Structures are given as structure tokens and as C-alpha cells.
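A look at the structure
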2 protein chains.
Amino acid sequence: MTSVLVIDDETALLRALRINLSARDYTVHTATDGVSGLAVMARDHPDIVIVDLGLPDMDGADVIAGIRGWSTAPIIVLSARGDEAQKVHALDIGADDYVTKPFGMNELLARLRAATRRIGPTTDEPVVDVGDFVIDLASKRVALRGGEPVRLTPTEWQLLEVLARHRGRLVTSRQLLQQVWGPAYESETHYLRVYMAQLRRKLEPDPARPRHLLTEPGMGYRLQDD
Amino acid sequence: MTSVLVIDDETALLRALRINLSARDYTVHTATDGVSGLAVMARDHPDIVIVDLGLPDMDGADVIAGIRGWSTAPIIVLSARGDEAQKVHALDIGADDYVTKPFGMNELLARLRAATRRIGPTTDEPVVDVGDFVIDLASKRVALRGGEPVRLTPTEWQLLEVLARHRGRLVTSRQLLQQVWGPAYESETHYLRVYMAQLRRKLEPDPARPRHLLTEPGMGYRLQDD
DNA sequence: GTCCCGCGCAAGGAAACCGTCAAGATCGCC
DNA sequence: GGCGATCTTGACGGTTTCCTTGCGCGGGAC
């Protein structure tokens, strides 16, 4: 889950952002001045920062510089002033985007998504560790506890990937078949049994008694971590 | 040196940008419509793209999508229309920034610098050492362990470069073909086999048993370091 | 106890994929 | 125009992977 730090002294805007961001599954941190903003930044390491340039206690540029001194998290600047010199300055000292007030909430959210997308692949939890084996989603690799890599066929990998992306949750047979084989194969539950057995043979310590690739009879499968 | 592709049908703006960007040591490519823009993109692989949404031949959104299909280069959108829905749509299909005309040249340049700065760290890993050979991305050279340089043809180099930029991660056949030969060659997997064999002959200690240029059957290839 | 359905397991043929070699076709340079 | 390097294209064998089928087991319904 992506976490966002909002630094702004307008409590109305802060509330609006908190509501909108929370509703979209962001974790939201807030601060109403530069000093506490930097403190929260240092303590919680949010993935993205939204900062107003018109803060009561510090120059907004100093806030940006203070963050950029040690973090590369995307910074989106909000400002009531739209003059070019200030935009250029803010961008040049490390801001990633600059939005002039008043702005539409949808635009800000879209710019936030764009920033998230850029950092996405790196911080999006590419590694899933379930105890007896480890799945690296970014590099498409699986290794047993102990480091020994496991060779998976493309279909095996796709199946495991879908399960890993829903780690802990139940995934219905229909959902799995649709994602791996396509919408036309929704009823070929046979395929699932065959490939699930192969995955268990390759990954489970005791394939007959799976500890992680669990069957939910009549429903589907679940990837369980310790 | 950073190269920029500008796609816009206003020749006056095109000229102004060419002058300003050249003066700041960017390499400038230009195109006046979507089709030729995508062609230049595929041929020259510029680092950053600036694209006007109001092109004569194509919907700007299709241009963005056409680029995002195979490239992660930053895209800055220019548009005469500033309505929020269009901004949101452009950003969501892959644009990195959205600037409304008329805009100040200094602001655009600052946003360009911000985009450049972002791609810097990722592509700025000049040397990749995999054990038996060393790839210098900046100077486009390869040398065996021991220092003996290896001559690669342009295509061989491009292929190796894509793999090196994803060092350790799996790169799908489609991705490789798109980046090296262009989006139209997605299914010519034959090329890959031929050139991968040539790379192995030139770089691997035992070409028949590759240790670094690995095949992942059915999925793609991976550059593995020791 | 018996039937029936869902699940796990094994095996084999068809199809897809990969590596290799080598012969045109193309391009750029002299 | 000729030459060399590079890029395409074709053919072939070996291997892997996928799909399909059949069978046995076990739990729940009746």
C-alpha cells in the first residue's frame, strides 16, 4: 500500500485530501507546518509527499530541499501563486510536479497516480516470502528457503503469480482460470488441479500435505504464508 | 547527452523548442504528426518525449498509448485544452506531466529538467559487471574479464543493453523485440534466438552452457551475474 | 452401505519452443 | 560499382511444455 504525506496549513484542504486518499487505499500522514512535516517524513518514510509552498513557519523551498537532502520520494507541490519563477525554482530544487491552486481533486489524484506509477515497480513489494519459499515478482523468480532456485514453466509461473498477488486471500477457480488461461476456459477446473499439483511438487516440503498452496474445497485456492 | 523528441504540428512552437533545447545541449528530434512521431520514437529511442495532444492525424491519447506500449521514457503532454477530464485521461494512460498552452518556456524547461532528473539515477549505472564480462553502458563497450574488448554489432549491442538495464530480472521476448526492433516485430522470436546465440558466442566462456545470458523457456531471457 | 462429486496423481501424444547452421538480401563505405 | 559487414530468412533436430485422458481416493448425502 502506498503512503502519502500531505503538508499543508489549510485544514479544510487537509481534510478533503485525507478523505479522498483514504478512500483510494492510500495511507495518509499529515502535517500543518514545515517543521513537523520534516519530522513526519523522517519518522514514517512515506512513499510520496504533497507539500504546500505557503506554510506559516518555513519557506516551502526549504522544505523541499530538506526532503531532497536524503530522500528521493516524489514531491508534488501545491501553491496559490502561479508565477513562473517560483515554479521553475521549486522544480529545480527537487520537486517532481507543481499544481496551482485552485485545482481539481481529480487532477491531483491523477498526478499522484502518475507519480506512484513511476516508483511503483520498485516499492510495490516485489518479494513475497511465505516461509518455505520466496517469490520475487519483479524478476519472476522463485527460490526455496535456503536459496535454491526453482524452475517453473510459464503456466506454472502465471498461476503462482496470481496467487501471490492475492497472498493470504482466497482466489476462486474461475478467477484463476480466467487470468491464466483466458475467459474461455472458465470451466476447465481440471487444468487447475494438474498445475497446482506440479507447483506443490516443486515448492512444498511435503506435496501431499500442502502448507502454503491450500485447496479450499468447492471454492478455489489460497496462498498461505507462515 | 539527453535526447528529446518533440511531436507538435505548430511549426513556430517546434522551432522555438528546437532553438531552446539545442542551446541547452539536448539532442532534439522533431515530428509534426503522430505517425511519424511514433516512427521516430521507434527508430531513435529518445530519452524524453514532449507531445501535443492536438495532432492532425491521430488522437493524442493514442500516441501516448503507442509509446507506453513498449517504452518507459517520460512523456510531457502539451495541450491547448485544459479541462480536467482530458488531463486525468492523459496522465492515466501513461503521461508523466501535463502542461496547458500557452505556457512559459522556462516552466517547460524546468519540467523537462525534473523529468530528466528522475530518469537519471535509473539509467545512470554506467558499468554492469556480471563476472565473465563487463558492460559499460555509458561508453557502449563490452570487455571480457581480463580487459579484452569485444566488438558487437549495433543490434547485438541494443539487445545486450536492454538486458543489462534489467540486470537479474527476466525480460520477456515481446519486450526485447519491441525495444530493439520496434513494436511491429513483436512476434519475430526468431531474431532473438539468432542474436542471442551470437552474443553467447562472443561473451560466454562456454556458449553451449550459458552462465549469464540465460533462457527462460516460454518467457524470455535474463542477464544473470555471479 | 452405497452413490456421487470433487480432488489428486500419472502418463502420453501433439504442439510449441529453442539452438544451430548456412545461405541470400541489404546496407554503408571506399 | 565492388566489397565487407550486418541483418534477414529458411530449414532441421532435439527438447520442453501443454493439453488431455483415465483412474483411484475420500468425504458428504441419502
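Position numbers for residues count from 1 along each chain, tracking the sequence in the order it is written. Each chain is given a letter, starting from A, and each ligand a number, starting from 1, according to the order in which they appear as written. Reporting of local features is limited, given that this is a predicted model, to residues whose pLDDT is at least 70; pairs of side-chain atoms are given and counted only at 80 or more, and all residues count toward the totals for whole chains, interfaces and linings. Each side-chain value is derived from all of the structure's non-hydrogen atoms; neither hydrogens nor water enter the calculation.

**Comments concerning the protein's contact with DNA strand C**
To be near a molecule or strand, a residue needs just one of its heavy atoms within 4 Å of it. The full set close to DNA strand C counts 16 residues, and R200(A), T215(A), R200(B), T215(B) and Y221(B) are the nearest of them. Taking the atoms of DNA strand C that fall within 4 Å of the protein, sugar and phosphate contribute 65% of them. The term polar contact refers here to a pair of N or O atoms within 3.5 Å; inside protein, the definition further demands a hydrogen-donor-capable atom paired with an acceptor-capable atom, and it admits residues adjacent in sequence only when both atoms are side-chain atoms. Note that a phosphate oxygen of DNA strand C is positioned 2.6 Å from one of the side-chain N or O atoms of T215(A). Among the secondary structure elements, those contributing two or more residues to the surface near DNA strand C are α8 (189-203) of chain A together with α8 (189-203) of chain B. Under the scheme used here, helices are H or I runs from DSSP no shorter than 4 residues and strands are E runs no shorter than 2 residues, and both carry numbers assigned from the N terminus. Broken down by element, the residue count for the surface near DNA strand C peaks at five residues, all from α8(B). Of the residues that constitute the surface near DNA strand C, the class distribution is five nonpolar, five polar and six charged. Note on residue classes: Ala, Val, Leu, Ile, Met, Phe, Trp, Tyr, Cys and Pro are nonpolar, Asp, Glu, Lys and Arg are charged, and everything else, Gly too, is polar.

**Side note on unusual backbone geometry**
Omega for the peptide link from K101(A) to P102(A) comes to -5°, which places this bond in the cis form. Of note, P102(A) is situated in the loop between β5 (97-100) and α5 (105-123). The backbone of K140(A) shows a phi angle near 55°, a positive value even though the residue is not glycine. Looking at the element boundaries, K140(A) is found in the loop between β7 (133-136) and β8 (141-144). Categorising residues by exposure relies on relative accessible area from a 1.4 Å probe, with only protein chains included: less than 20% of the type maximum marks a residue as buried, more than 50% marks it as exposed, and the intermediate range marks it as partly exposed. The class for K140(A) is partly exposed, based on a relative accessible area of 23%. The backbone of D25(B) shows a phi angle near 70°, a positive value even though the residue is not glycine. Mapped onto the elements of the fold, D25(B) is located in the loop between α1 (11-23) and β2 (27-31).

**Let's talk about the layout of surface pockets**
Space inside and on the surface of the protein is sampled on a 1 Å grid over the protein atoms alone, with a cavity defined as a set of points where a 1.4 Å probe fits but cannot get out and a pocket as an open set with protein on both sides within 12 Å along at least 5 of 7 lines; lining residues have an atom within 4 Å of a point. Grid points are joined across faces, edges and corners, and a volume is the space filled by probe spheres set on the points. Approximately 350 Å³ is the volume found for the second largest pocket. For the second largest pocket, the lining is made up of 14 residues, of which P149(A), V150(A), R151(A), E216(B) and R222(B) are closest to its centre. Elements with a contribution of two residues or more to the lining of the second largest pocket: β8 and β9 (149-150) of chain A together with β11 (213-216) of chain B. Looking at the lining of the second largest pocket, the element that brings in the most residues is β11(B), giving three residues. Here the residues of the lining of the second largest pocket are counted per class, giving seven nonpolar, two polar and five charged.

**A look at the protein's contact with DNA strand D**
Around DNA strand D, a shell composed of 18 residues is seen, among which R151(A), Y191(A), R151(B), T153(B) and Y191(B) lie nearest. Within 4 Å of the protein, the atoms of DNA strand D are drawn from sugar and phosphate moieties in a proportion of 75%. Measuring from a phosphate oxygen of DNA strand D, one finds a side-chain N or O atom of T155(B) at 2.6 Å. In the model, a sugar or linking oxygen of DNA strand D is placed 3.3 Å from a nitrogen or oxygen of the Y195(B) side chain. Put simply, the parts of the chain that give the surface near DNA strand D at least two residues each are α6 (154-165) and α8 of chain A together with α6 (154-165) and α8 of chain B. Considered class by class, the residues forming the surface near DNA strand D number ten nonpolar, six polar and two charged.

**Quick notes on the interface of chain A and chain B**
On the chain B side, the residues contacting the 28 residues of chain A number 29 residues. Roughly 2,500 Å² is buried in total at the junction of chain A and chain B, and carbon and sulfur atoms are behind 45% of that figure. Here a salt bridge means any side-chain nitrogen of Lys or Arg lying within 4 Å of a carboxyl oxygen belonging to Asp or Glu. Inspection of the region where chain A meets chain B yields eight salt bridges. Here R113(A) ties to D92(B) by a salt bridge, and the two come within 2.8 Å at their closest N and O atoms. Contacts are assigned to residue pairs that have any heavy atoms within 4.5 Å of one another. Two parts placed together each lose some accessible area; with a 1.4 Å probe, that loss summed over both constitutes the buried area.

**A few points about the sheet that holds strand β12 (residues 220-223) of chain A**
All names here are of chain A. Pairing in this open sheet of three strands is antiparallel, and the strands run β10-β12-β11 from one edge to the other. The outermost strands of the open sheet, each flanked by one partner alone, are β10 (170-172) and β11 (213-216). Adjacent strand axes in the sheet meet at a mean angle of 30°, parallel and antiparallel pairs treated alike. Two strands make a pair as long as DSSP finds a minimum of two bridges between them. Relative to β12, β10 runs antiparallel, the two sharing three bridges. Bridge pairing in β12 places T172 opposite G220. Orientation is described by axes fitted as lines to C-alpha atoms, over the contacting stretch for helices, and by angles from 0 to 180 degrees between their N-to-C directions. Against the sheet, α6 contacts β10, β11 and β12, and its axis sits at roughly 70° relative to β12. Its contacts with the sheet place helix α7 (residues 173-180) against β10 and β12, and it is angled at close to 70° to β10.

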